[in-house]
Amino acid sequence: MKTIRVESPGLFTTVQDLGRPGFGPIGVSASGACDPIALRVGNLLLGNTENAAGLEMTLQGGRYLFPEGAMISLGGSDFGATVDGSPVPVWVPREVMPGQVLTVGRSQSGARAYLCVRGGVAVPLVLGSASTHILSGLGGLEGRPLRKGDVLPIGPEPERPPRRGVRESAAAELGPRKMLRVTDGPQTDWFADSTISDFYASTYTVTPEANRMGLRLEGKALASGVSGDMMTEGVSLGCIQVPSGGQPVILFVEQQTTGGYPKIANVIAADLPSVGQLKPGDQIRFVRLDLREARELLYMQERLIRTESSYL
Amino acid sequence: MMSFRAASDQSLLIRFGAPAPKVPAVRLLSVPGIRNVHPAYESLLVVFDSLALDHEAVERIVRDLMAEESALPDAAPRVVEIPVSYGGENGPDLEDVAAISGLSAAEVIELHSATIYTVSFLGFVPGFAYLSGLPDRLAAPRLKSPRTRVPAGSVAIGGKQTAVYPMTTPGGWRLIGRTTLQLFDPAREKMSLLEIGDQVRFRPL
């Protein structure tokens, strides 16, 4: 069996697939890749199923040895990766020879880069998924971030041949946005019209408290017009909740599953992968859409992913 | 009255306006296109694949399943006993809770452990069960500034609720004791010790 040897894991690297939804009733959030488009396309280009597990690297890449060689592709943010000094561009499959080392640099723009391998990273599935969920210690490699010396098995090669790459125009269109499109949240009507206008007119900065569980933002404080406690309820991925201090928080893939703060808006499904590329210091804005517009954008994005992953 | 509202472009929030009726979580999760469900006190959040379903379709599915489910007889609840070491360093807020309630620490322990609680739902973090049935006398406001580190197994009171912290996390509830039982264990077949509808009794050590 082919393997990946972790010579250096970067800052925070975990095994991720598209997540483990369905365990809300025991309080476990779905987890999965922060930028699922990066992982899906990376996999489809290699002939893998889109849900195959890969490595999610955060802000800094690391060094990975392939003792038996492998075909790989990188996805997401371009961290400046090389094999023996030769650059490995994002979303272009690349054959790595036995004994070669992939060196992945650091973030230039987006927060996360993905390493996909033909055959997928073959860790045991937990509740149907390879995805690491840090808080509960579920999935991935022993439920934890990777360490130096870890050895990850690579699964059997799929039958589908690898593809050539993604057109530049499509890659740009599928890339991350800083203008996040949102729909109303379940408590949008708790906020005064002037507060809602402030929310859409203001720029927010991502604070250093940004991780897989959520991203704290800093900017114009938002006063909730309703006083008193809200009853705890289920919270959806990408909801923007406003705690008593008024600074919004976007809940993300390893989020708490229930919460008691009002939610002013929710990032649309098509823009959730963009949230996964935000890093501290980034400036973002919000644009309000209705549900029909949100669905159309998701359809268009999905069609583009399908088309590109069959492009030769 | 039951109401339906989009929480996002891929989720629907159902509010019951009363304690949530039996929620057919398992059956909902077996419907193609439904990805997750999050039950809470008086609500249910249903997450779906918005390329396969829309909010109206999910509303119809939930209405139909709930009508069928309410016709089924209740199963007898399971009772789970949780041994607790109350007070001292295991329960640093026990004396405060006693002061708030006007009872002695011993009386707080007696009242807390004499009650049978019901798991309303699980949320916040894996295995965290919101227990209903706390005697009114024991209700205590959350801490003004939450602890950054609440040890795993801490038994706590927050407002009118009581719960056990399954893992070491930040938390603002008042800690009255601790159990060595593992509320959540990914290596166990039944990862979460508690499930919706279970009855819980605390046994003082």
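The shown structure was predicted, so the numbers you read here are calculated from the model rather than taken from an experiment. (Residues numbered from 1 in each chain as written. Chains lettered and ligands numbered in written order. Predicted model: local features only at pLDDT ≥ 70, side-chain atom pairs only at ≥ 80, totals over all residues. Heavy atoms only, no water.)

## Things to note about the domain arrangement of chain A
Residue and element names in this part refer to chain A. Which entries qualify depends on this criterion: Residue ranges assigned to the domains are those given by an automatic or database domain assignment. Contacts between residues were defined by any pair of non-hydrogen atoms, one from each residue, lying within 4.5 Å. Put simply, buried area is the surface a 1.4 Å probe can reach on two separate parts but cannot reach once they are joined, added for both. Each reported salt bridge corresponds to a side-chain nitrogen of Lys or Arg within 4 Å of a carboxyl oxygen of Asp or Glu. Polar contact criterion, stated in full: a pair of N or O atoms within 3.5 Å, where within protein one must be able to donate a hydrogen and the other to accept it, and residues adjacent in sequence count only if both atoms are side-chain atoms. Strands are runs of DSSP state E lasting at least two residues, helices are runs of H or I lasting at least four, and both sets are numbered from the N terminus onward. Note on residue categories: nonpolar means Ala, Val, Leu, Ile, Met, Phe, Trp, Tyr, Cys or Pro, charged means Asp, Glu, Lys or Arg, and polar means any other residue, Gly included.
Domain assignment breaks chain A into domain 1 (3–165) and domain 2 (179–309). The straight-line distance from the C-alpha centre of domain 1 to that of domain 2 is 27 Å. Contacts between the two partners involve 36 residues from domain 1 and, on the opposite side, 20 residues from domain 2. When domain 1 packs against domain 2, the two sides together hide about 1900 Å² of surface, and 52% of this comes from carbon and sulfur. Linking glutamate 56 and arginine 212 is a salt bridge whose minimum nitrogen-to-oxygen distance equals 2.8 Å. Seen at the junction of domain 1 and domain 2, the total is 13 residue pairs in polar contact (both at pLDDT 80 or more). For the side of domain 1 that touches domain 2, the secondary-structure elements that each account for two or more residues are α1 (36–45) and β10 (112–117). Per element, the largest residue contribution to the side of domain 1 that touches domain 2 is 5 residues, and it comes from α1. Class assignment for the residues of the side of domain 1 that touches domain 2 results in 14 nonpolar, 15 polar and 7 charged.

## A look at the interface of chain B and chain A
In this assembly, 41 residues from chain B lie in contact with 41 residues from chain A. Summed over both sides, the interface of chain B with chain A buries roughly 3300 Å², with 61% coming from carbon and sulfur. The closest approach of N and O atoms between glutamate 233 of chain A and arginine 15 of chain B, which form a salt bridge, is 3.8 Å. Across the chain B-chain A interface, the total number found is 12 residue pairs in polar contact (both at pLDDT 80 or more). Only β1 (3–8), β2 (11–15), α1 (25–29), β3 (34–39), β4 (43–48) and β6 (117–122) of chain B provide two or more residues apiece to the side of chain B that touches chain A.

## With respect to the pairing of strand β7 (residues 129–132) of chain B
Residue and element names in this part refer to chain B. Note the following rule: Think of it this way: DSSP has to see at least two bridges between two strands before they count as a pair.
When β6 meets β7, the two strands line up antiparallel, connected through 4 bridges. Bridging from a neighbouring strand, threonine 118 pairs with serine 132 of β7. A loop of 6 residues connects β6 with β7, the two strands running antiparallel in sequence, and phenylalanine 124 in this loop sits at a positive phi of about 70 degrees.

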